[in-house]
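Residues per chain, in single letters:
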Amino acid sequence: MNTPSEPREKGTSVSDQNIPDQLRYTDEHEWVERVSDTRVRIGITEYAQSKLGDIVFVQLPDVGGETESGEPFGEVESPKSVSDLYAPLSGKVVEVNTALETSPELVNSDPYGEGWIVVLEIADVDDLETQLEQTLDSDGYSKITEG
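Keep in mind that what you see is a predicted model, and the values were worked out from it rather than measured. (Residues numbered from 1 in each chain as written. Predicted model: local features only at pLDDT ≥ 70, side-chain atom pairs only at ≥ 80, totals over all residues. Heavy atoms only, no water.)

Details of helix α4 (residues 125–132)
Logical step 1: Taken residue by residue, α4 has Leu128, Gln131 and Leu132 as its buried positions. Projection of α4 onto a plane perpendicular to its axis shows the buried side chains occupying an angular sector of 95°, all on one side.
Logical step 2: The N-cap residue of α4 is Asp124: its side-chain oxygen and the backbone nitrogen of Asp126 are 3.1 Å apart. (Buried < 20%, exposed > 50% of the residue type's maximum accessible area, 1.4 Å probe, protein only. Helix = DSSP H or I, 4+ residues; strand = E, 2+ residues; numbered from the N terminus. Arc of directions from axis to C-beta. Polar contact = N/O pair within 3.5 Å; in protein donor to acceptor, adjacent residues only side chain to side chain.)

Okay, here's the thing in structure tokens:
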């Protein structure tokens, strides 16, 4: 299992945006990284954080709470706006990045590393596989960020 501070592999660069190949994505600009058979780490993409500007607050979900795919589970706030975070998968929140409570700017400085937001536990391996099939690969995500 990777720790959040380990460097990520570089992926496809679109309009100077880093889109790591090993991650999965949503059209709402969240990324998903599988960290075990039934756990995933989630954050927002470099593209999303660049559009939001300086992140000044992240509302994290409660550990033990449930997420429903496509439904809001938290918020990120910048001087420009407040934006919902949408769950890319349905699961149970087993960990949140408490460093964001005092350093929300980590989402800007390291969106795929120290700026991760939450870890979800998915019911079982088959459920996780099925849900991941509903997300985008790096090529699919790069197509929606080009426009």
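Some details on the nonpolar core
Nonpolar side chains tend to gather and get buried jointly when the protein is soluble and globular.
Logical step 1: The biggest cluster of nonpolar side chains holds 25 residues, and the ones touching the most others in it are Val40, Leu89, Ile117, Val118 and Leu120.
Logical step 2: Here this core takes three residues from strand β5 (residues 39–44), the largest share from any one element.
Logical step 3: Leave out the neighbours within four places in its chain, and Val118 touches Val40, Arg41, Ile42, Pro61, Phe73, Val93, Glu95 and Val96.
Logical step 4: Among the nonpolar cores identified, the runner-up in size contains nine residues, and Ile19, Trp31, Tyr47 and Trp116 belong to it. (Core = buried A, V, L, I, M, F, W, Y, C linked by side-chain atoms within 4.5 Å. Contact = heavy atoms within 4.5 Å.)

Comments concerning the pattern of salt bridges
Any two side chains of opposite charge can pair, on the condition that their charged atoms come close.
Logical step 1: By the definition in use, this model includes three salt bridges.
Logical step 2: In this structure, Arg34 engages Glu129 in a salt bridge whose closest nitrogen and oxygen atoms are separated by 2.4 Å. With Arg34 in strand β4 (residues 30–34) and Glu129 in helix α4, this pair connects stretches of sequence that are 95 residues apart.
Logical step 3: Given the relative accessible area of 36%, Glu129 is considered partly exposed. (Salt bridge = Lys/Arg side-chain N within 4 Å of Asp/Glu carboxyl O.)

Considerations on the environment of Gly64
Logical step 1: Mapping Gly64 onto the fold places it in the loop between β6 (57–59) and β7 (66–67).
Logical step 2: Taking the relative accessible area as the measure of exposure, Gly64 reaches 37% and is therefore partly exposed.
Logical step 3: Sequence separation of Gly64 and Gly91 is 27 residues, and the distance between their C-alpha atoms is 9.7 Å.
Logical step 4: Each residue touching Gly64, except ones within four places of it in the same chain, is listed here: Lys92 and Val93.

What to know about the sheet that holds strand β9 (residues 82–86)
Logical step 1: Strand order in the open sheet formed by three strands is β6-β8-β9, with antiparallel pairing between adjacent strands. The open sheet has two edge strands, β6 and β9, and neither has a second partner. Between one strand axis and the next, the sheet turns through 20° on average, direction left out of account.
Logical step 2: Here strand β8 (residues 72–77) runs beside β9; their pairing, made up of five bridges, is antiparallel. The residue bridging Glu75 from the neighbouring strand is Asp84, located in β9. (Pairing = 2+ DSSP bridges. Axes fitted to C-alpha atoms, helices over the stretch in contact; angles between N-to-C directions.)

Purely spatial values, then, with no claim about function.
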